[in-house]
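# Commentary on secondary and tertiary structure
Here is what each chain is made of, one letter per residue.
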Amino acid sequence: MSRKSLALLILITTATMVLGCSCGGLIGPEPTATFTPTKTLVPTFTATPSIVPSPTDTPPPTSTATPTVPPQTPTPTQMPTPTLGPPTNTPTPRPPAPTATPRPPTPTSTPQPVYEYQLIQEPTKDPCHPGWCIPEVSGNVVDAQGNPVDNYNRVTIKLECARLGALYCPTGDPEQLLQPGQFKFVSPDSQVFGEYTLTVVRSKGDPTSLSPVYNLKMNAYTRGQQTNIIFQRTY
């Protein structure tokens, strides 16, 4: 019962007792009787227990501790793969115009030296058996008109071979009793000359070439004499 209800009950009981005493005096005296006092009711209070916190009680935490989470490396956001549309027709560039290959330069011809004499007739090869004749090489040098050069315009013929070395014979050599423009080489040991060359030069002391060098051969015993060789002046 609440305190308010208990107070109201006490108030009603007290009023009843007062009113009862007042009414009895008005009516008249009643026979005296032994008054039995009415037992005063003591209101019963139902105390609402107050919860006193125990000093040993641990107060509830005001907030829940959030565990510390180490920071994580953010995962890179993958860009969405774009949706490819229809391929765009890229115009194919024209191939470059072919570059003209430059022509190689025209080779410059090396001017050939202008010789004063040239061979116009190769030797006539006459049979010459060993013991029957001596191998020789002979011929003539003529001017531009085909006439034998005289002793005033004398030149020298150079013969060279591996076996005998270099031999020189001036045209019209008086020691060999040669005619103007004539030359002759005689084998000193009666052996063929083998491979040899002939060149027109100024003289033995001035071996300036006045003609190209011509390669000739005398290898066979049956061709031991080579005659009628002709060198001609070109101008």
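One can find the structure itself at the top, above this paragraph.
Model, not experiment: these values are computed from the prediction.

### Focus: the pattern of salt bridges
Evaluation of the coordinates by the stated rule reveals 4 salt bridges. It is possible to trace a salt-bridge network through shared partners that takes in E116, R202 and R233.

### Here's the deal with the nonpolar core
Soluble globular proteins tend to pack their nonpolar side chains together in the buried interior. Judged by nonpolar contacts, the single largest core of 24 residues is most densely connected at V137, F185, Y196, L198 and F231. If we ignore the near neighbours within four places in the chain, the residues touching V137 are L159, F183, K184, F185, F193, Y196, L198, M218, Q226 and I229.

### What to know about a nonpolar patch on the surface
Judged by side-chain polarity, L8, L11 and I12 come together as a nonpolar surface patch covering roughly 310 Å² of accessible area. Mapping L8 onto the fold places it in helix α1 (residues 3-27).

### Some thoughts on the side chain of Q232
Along the chain, the position of Q232 falls in strand β9 (residues 225-233). Engagement of the side chain of Q232 in a polar contact is seen with the backbone oxygen of A144, the distance being 3.2 Å. Apart from the residues lying within four places of it in its own chain, the contact partners of Q232 are E116, Y117, Q118, I120, V142, D143, A144, Q145 and G146.

### Remarks on the sheet that holds strand β4 (residues 156-161)
Strand order in the open sheet formed by 4 strands is β5-β4-β7-β8, with antiparallel pairing between adjacent strands. Both edges of this open sheet fall to β5 (165-170) and β8 (214-218), since each of them pairs with a single strand only. On average, each strand axis in the sheet is tilted by 25 degrees relative to the strand beside it, whichever way the strands run. Of the strand pairs in this sheet, strand β7 (residues 194-201) and β8 are connected by 5 bridges, and their pairing is antiparallel. Across the sheet, the residue bridging to L198 is Y214, located in β8.

### Some points on the pairing of β4
In summary, the side chains of a regular strand alternate between the two faces of the sheet. Here 6 bridges tie β4 to β5, and the two strands are oriented antiparallel to one another. Looking at β5, one finds that C161 is bridged to G165. Remark: 3 residues form the turn of the hairpin made by β4 and β5, two consecutive strands paired antiparallel. Both β4 and β7 contribute to a ladder of 6 bridges, which runs antiparallel. Looking at β7, one finds that T156 is bridged to V201.

The rules behind these values
Residues numbered from 1 in each chain as written. Predicted model: local features only at pLDDT ≥ 70, side-chain atom pairs only at ≥ 80, totals over all residues. Heavy atoms only, no water. Salt bridge = Lys/Arg side-chain N within 4 Å of Asp/Glu carboxyl O. Core = buried A, V, L, I, M, F, W, Y, C linked by side-chain atoms within 4.5 Å. Buried < 20%, exposed > 50% of the residue type's maximum accessible area, 1.4 Å probe, protein only. Contact = heavy atoms within 4.5 Å. Patch = residues over 30% accessible without salt bridge, like charges linked within 9 Å, V, L, I, M, F, W, Y side chains within 5 Å. Areas by Shrake-Rupley, 256 points an atom, 1.4 Å probe, with all protein chains shown as cover. Helix = DSSP H or I, 4+ residues; strand = E, 2+ residues; numbered from the N terminus. Polar contact = N/O pair within 3.5 Å; in protein donor to acceptor, adjacent residues only side chain to side chain. Pairing = 2+ DSSP bridges. Axes fitted to C-alpha atoms, helices over the stretch in contact; angles between N-to-C directions.

Keep in mind these numbers describe shape, not what the thing actually does.
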